[in-house]
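# Overview (structure and organization)
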Amino acid sequence: MHSSPDRQPDPGEQPLERSDAEGIARTLRVLADPTRLQMLSLILTSDSGEVTIGELADAIGFRQPTITHHAGILVDDGVVERSVRGRQVWLSIASDRLGAVRDLLR
Amino acid sequence: MRHAPTTAAPPIDAVGARSLATRLAAVADPVAVALLRRLVIASGRPVADADLHDGVEASAEEIDDRISAMVRVGLILPSPGLRHRAAPDAIITLATVLGVAADTPAPRDELPPALRRTAELLTTRFASIFSEETVRRYVIESYRLLAERATVTAHLPTLAGRFATERLGALASAQGLTLATTPEVLFVCTRNAARSQIAAASLRHLGGAGVHVRTAGTTPAARIDPLIERVLTEAGIPLPAEFPKPLTDEAVRAADFVITMGCGDACPVYPGRRYLDWPVDDPAGRTIEEVRRVRDQIIGRVASLADELGIARPASATR
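In this text, all values refer to a predicted model and were calculated from it rather than measured experimentally.

### Notes on the confidence of the model for chain B
Residues and elements named next belong to chain B. For chain B, per-residue confidence averages 80 on the pLDDT scale, and residues scoring 70 or more make up 82% of the total. Per-element mean pLDDT across chain B ranges from 76 in helix 7 (residues 132-149) up to 94 in helix 4 (residues 60-72). Confidence over residues 1-8 falls short of pLDDT 50; this stretch has six contacts with residues more than four positions distant or in other chains. Among the prediction metrics, the complex's ipTM stands at 0.87, with pTM recorded as 0.52.

What follows is the structure, given as structure tokens:
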């Protein structure tokens, strides 16, 4: 094991639990897709921080069912939140993932 | 790439998204996550491969395989002596996802007051390029980097602020986010206390606003040698508010010219930069006559470099 007891504890240097590493890897697999990255970027750079499925489909040039499929994957991992208002589905970045997504797309 | 400072960045295009997806795929696995996290925590300092093997539960083949995959996409960089380090881009873009940096910025009260002020100033200054979290992370990290080596801690927050400013500036130019119309020159020596300081002061004096000069040391001293200040003043060269600081990856990436003096091997090599090694003796512990000789030698080389860079040399351009 690699640990030096004489060093000052640093919160960032806590060893990573296997389950945490798996969780992060799962999120990275969700993010490692060009369409989903474009969707996140469009949501992030929108004025209100919210974009409809239709707007995303138009901007990326895919059909709505394709975008809906990718949105489902992002929502399942908790990166994106979905809200239905009227006949529109709006997507926004989950507030606890905003920093991570913003840094990623820097 | 030109980046208008007042408008928000446009959304990523299909090509950019594909390339980012490829990079992320290389780390989308628990072993790769554990490895990259270790390197990001080391914030750009090289970690021995043996330590990476010790600290991550996986077979040696698996670890080597993940390291190679991340090297291929530029997330980590090989370092001399069987070591690897995180690329600056990886530190900036992935620290939060990897759980190294808090997703929500730490409350302002957690920083010492002097550092808090520094972070606020830099956040404003880099508002068009970096998020508040990134700036704060750099300020804290720079403070830690300097604190590890410091013998005198009185001015650390101020020095950390300057160091963080330089690193963020270098990172921005390395990523093409600022308009780099002026050449960037980096002088590196071992202690960053004498040779690199003489060279930087002379080039700033000659080039004024026409050149951007940075310095670093591979094993930085506690302070600039007092004799250096004296021999520069004799030559009519003002010594700017400088301090010895460690060599960072961003500084090298940002530089068009990297000039090493007595430390060529320790300097990371990137394509597209011009590397020059000046064989100049370290004046540490020498007599004033010898220090003057070193000074004149360096001033001569700097003058040729300024000519080569085509830098205008009006005396009024100096600060």
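### Some details on the interface of chain B and chain A
Each partner contributes to the interface: chain B provides 36 residues, whereas chain A provides 31 residues. Top contributing element to the side of chain B that touches chain A by residue count: helix 1 (residues 14-25) of chain B, with seven residues. Taken together, the residues of the side of chain B that touches chain A break down into 22 nonpolar, seven polar and seven charged.

### Examining the environment of Arg136(B)
Considering the arrangement of structural elements, one finds Arg136(B) in helix 7. In the structure, Arg136(B) is positioned 18 residues away from Thr118(B) in sequence and 8.9 Å away in space, judged by C-alpha atoms.

### What to know about the sheet that holds strand 6 (residues 257-261) of chain B
All names here are of chain B. Taken in spatial order, the four strands make up an open sheet running 5-4-6-7, and their pairing is parallel. Every interior strand has two partners, whereas the edge strands, strand 5 (212-217) and strand 7 (274-277), have only one. Strand-to-strand twist across the sheet, computed as the mean angle between neighbouring axes with direction ignored, equals 20°. With six bridges connecting them, strand 4 (residues 184-189) and strand 5 associate as parallel partners. Looking across to strand 5, one finds that Val188 is bridged to Ala216.

### Re the sheet that holds strand 3 (residues 88-93) of chain A
All names here are of chain A. Pairing in this open sheet of three strands is antiparallel, and the strands run 1-3-2 from one edge to the other. Every other strand in the sheet has two partners, leaving strand 1 (50-52) and strand 2 (80-85) as the edge strands with one partner each. Strand-to-strand twist across the sheet, computed as the mean angle between neighbouring axes with direction ignored, equals 30°. As paired strands, strand 1 and strand 3 are joined by three bridges and run antiparallel to one another. For Glu50, the partnering residue across the bridge sits in strand 3 and is Ser92. Strand contacts of helix 2 (residues 34-45): strand 1 and strand 3, with the helix running at about 85° to strand 3, the strand carrying the most contacts. Where helix 3 (residues 53-60) meets the sheet, it contacts strand 1 and strand 3, and its direction lies at approximately 80° from that of strand 1.

### Things to note about the confidence of the model for chain A
Residue and element names in this part refer to chain A. In this model, chain A carries an average pLDDT of 85, and 86% of its residues clear a pLDDT of 70 or more. Between the elements of chain A, mean pLDDT differs from a low of 83, seen in helix 5 (residues 98-104), to a high of 96, seen in helix 4 (residues 64-77). Note that pLDDT drops below 50 for residues 1-13; the model gives that stretch six contacts with residues more than four away or on any other chain.

### Details of the pairing of strand 2 (residues 76-79) of chain B
Residues and elements named next belong to chain B. In terms of strand pairing, strand 2 meets strand 3 (residues 83-86) through four bridges, oriented antiparallel. Residue Leu77 lies in a different strand from strand 3, and its bridge partner there is Arg85. The turn linking strand 2 back onto strand 3 is made up of three residues, and Gly81 within it adopts a positive phi angle of 80°.

### Quick look at the packing of helix 1 (residues 18-31) of chain A against helix 4 of chain A
All names here are of chain A. Close contact between helix 1 and helix 4 brings their axes to 10 Å; oriented N to C, the two are set at 160°. Between helix 1 and helix 4, the interaxial angle falls into the category roughly antiparallel. Both helix 1 and helix 4 take part in a crossing whose hand is left-handed. Side by side, helix 1 and helix 4 meet where Arg26, Thr27 and Val30 of the first sit next to Ile73, Leu74 and Asp77 of the second. Taken together, the residues that form the contact of helix 1 with helix 4 break down as three nonpolar, one polar and two charged.

Cut-off values and rules
Here, residues in each chain are numbered from 1, in the same order as that chain's written sequence. To read the labels, note that chains go from A and ligands from 1, taken in the order they are written. Residue-level local features of this predicted model are given only where pLDDT is at least 70; pairs of side-chain atoms are given and counted only at 80 or more, and the full residue set underlies all totals for whole chains, interfaces and linings. For every residue, the predictor assigns a confidence score, pLDDT, that lies between 0 and 100. Under the scheme used here, helices are H or I runs from DSSP no shorter than 4 residues and strands are E runs no shorter than 2 residues, and both carry numbers assigned from the N terminus. Placing C-beta atoms from the backbone, we regard two residues as in contact once those atoms come within 7 Å. When residues are grouped by polarity, Ala, Val, Leu, Ile, Met, Phe, Trp, Tyr, Cys and Pro land in nonpolar, Asp, Glu, Lys and Arg in charged, and all others, Gly among them, in polar. Any two strands are treated as partners once DSSP identifies two or more bridges connecting them. Lines fitted to the C-alpha atoms define the axes, with helices restricted to the stretch that makes contact. Angles between their N-to-C directions range from 0 to 180 degrees. Roughly parallel means an angle under 35 degrees; roughly antiparallel means over 145; roughly perpendicular covers 65 to 115; every other angle is labelled oblique. Each crossing gets its handedness from the near helix: less than a right angle anticlockwise from the far helix is left-handed, clockwise is right-handed.

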